[in-house]
Amino acid sequence: MGMTMTQKILAAHAGLDSVRAGQLVSARADMVLGNDITTPVAVNEFNKAGFTSVFDTKKVAIVLDHFIPNKDIKAAEQAKTCRRFAREYGVEHFYDVGEMGIEHALLPEKGLVAPGELCIGADSHTCTYGALGAFSTGVGSTDMAAGLATGTAWFKVPAALRFELRGSLAPNVSGKDVILHIIGMIGVDGALYKSMEFGGEGLKSLTIDDRLCIANMAIEAGGKNGIFEVDETTLAYVGERVSRPYTVYTPDPDAEYEKVYEIDLSQIKSTVAFPHLPENTRTIDQVGDVAIDQVVIGSCTNGRLSDMAAAARILKGHHVARDCRTIIIPATMQIYRDCMKLGYTDIFLDAGCVVSTPTCGPCLGGYMGILAEGERCVSTTNRNFVGRMGHPKSEVYLASPEVAAASAIAGKIADPNRI
């Protein structure tokens, strides 16, 4: 039996000719990632184990993004631990205030992950890099500590689901709608510990930003990882950023999938996930009248330049509703700068929005947009669990940047095609 993309990458990094679903392997990592919340825990374990060096100073990335600039004393202490560790062990890819961005937008932008590579990160949304044809997955801080020292991690080789894409997206429909549609279809455990592999002729209609968004939320369907076949769009993106050699893996014709889903992109509508699970989806024509108090456009899911462009296009010439706070968070400093150069920042400010430095901030209820009891937020983030963005009796509705921007103007969940 042939292998999937994920299985080929794991086999190559484990030094094996082949692997099968369910097999346990030890594989070398091309990148080990941590942030300001998870790295301090890994550092404690690293020190307790008596490690004295990292496996490769060029293959470790520490990005301070969750509570940076520091929101309180605890956040400041966590960041201090990261800074000390990075200096002591010569971590080359260390990103702090003024240089950092939201980790899963920053690493692709910097060319730190390439097709065929294996990346582990102490953050569940590390699966984002599968958009580039890499195997990437989230791990715990203890596994991160071992990875920092040894450059290896163990895996149970996942079985796979195949998503065969065809057609093209309609106007004002984007990658966020695709993944919300899929999660609504298969559920939050529909891909539990499986590889979600995307291919088909429909790929050509998806930008890299669409793919990064879709792969990012594979974990919200329970997936071990999400991964896209590498095509000309992928190669053009990494060609501008990656100078080192890399290997492109393709699935074998006889690769085994537990299930194959046919997805017609042209039939997908703007989709909103209602509280309190990403699977609780409704298309925009099923939403009804839902008044909101806040909109957040940003995060590792939808804080990229194309997301900013979509929001600016809809907000231009409008003002957000009087009672709807609207927070725009470019995902990296480069995206922040590009927004200013392209005039998006002025559009956001003219519309009554606030524009933040890159941060995960409100996504996990950290800061920059905490909700009070009873408040509702339309957010381009990736989770809407109870209390995710603040008070346990608040509500988060997940949507695309297009829907979020339209909703900010209307003061209620709105169709971007009707603004």
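Scroll up to find the structure this text is about.
Remember, predicted model here, so these are calculated numbers, not experimental data.

Asker: Looking at this model, I keep getting lost on the nonpolar core. Mind explaining?
Answerer: General note: in soluble globular proteins, nonpolar side chains tend to be found buried as a group. If you look at the biggest cluster of nonpolar residues, it comprises 52 residues, and the most contacted ones within it are Phe-46, Ile-62, Phe-85, Leu-107, Leu-118, Ile-120 and Phe-155. The leading source of residues in this core is helix α3 (residues 73-89), at 5 residues. Not counting residues within four places of it along the chain, the set of residues in contact with Leu-107 comprises Met-31, Leu-33, Ala-61, Val-63, Leu-112, Val-113 and Tyr-129. Ala-131, Phe-163, Val-178 and Ile-327 belong to the second-largest nonpolar core, a separate cluster that totals 45 residues.

Asker: How should I be thinking about the environment of Ala-105 in this particular structure?
Answerer: Topologically, Ala-105 is positioned in helix α4 (residues 103-109). When the C-alpha positions of Ala-105 and Gly-15 are compared, they lie 30 Å apart, and in sequence the two are 90 residues distant.

Asker: Which parts of the structure should I look at to understand the layout of surface pockets?
Answerer: Taking a probe equal in size to a water molecule and rolling it over the atoms shows the remaining empty space. Counted as a void, the largest pocket has a volume near 320 Å³. Around the largest pocket, the lining is made up of 19 residues, and of these Asp-30, Lys-59, Glu-117, Arg-244 and Pro-245 lie nearest the centre.

Asker: What am I meant to see in the sheet that holds strand β9 (residues 194-199) here?
Answerer: Two strands in a sheet stick together by hydrogen bonds in their backbones, pointing the same way (parallel) or opposite ways (antiparallel). Reading across the sheet, the 4 strands line up as β10-β9-β8-β11 and stay open at both edges, with parallel pairing between neighbours. Either end of the sheet is taken by a strand with one partner, and the two such strands are β10 (225-228) and β11 (259-264). On average, each strand axis in the sheet is tilted by 20° relative to the strand beside it, whichever way the strands run. Two elements, strand β8 (residues 159-166) and β11, share 6 bridges in a ladder whose sense is parallel. Considered in β11, the bridge of Leu-165 is made with Ile-263. With respect to the sheet, helix α6 (residues 175-186) is in contact with β8, β9 and β11, its orientation differing from that of β11 by roughly 135°.

Cut-offs applied
Residues numbered from 1 in each chain as written. Predicted model: local features only at pLDDT ≥ 70, side-chain atom pairs only at ≥ 80, totals over all residues. Heavy atoms only, no water. Core = buried A, V, L, I, M, F, W, Y, C linked by side-chain atoms within 4.5 Å. Buried < 20%, exposed > 50% of the residue type's maximum accessible area, 1.4 Å probe, protein only. Helix = DSSP H or I, 4+ residues; strand = E, 2+ residues; numbered from the N terminus. Contact = heavy atoms within 4.5 Å. 1 Å grid on protein atoms, 1.4 Å probe; cavity = no way out; pocket = protein on both sides within 12 Å on 5 of 7 lines; lining within 4 Å. Points joined across faces, edges and corners; volume = space filled by probe spheres on them. Pairing = 2+ DSSP bridges. Axes fitted to C-alpha atoms, helices over the stretch in contact; angles between N-to-C directions.

Purely spatial values, then, with no claim about function.
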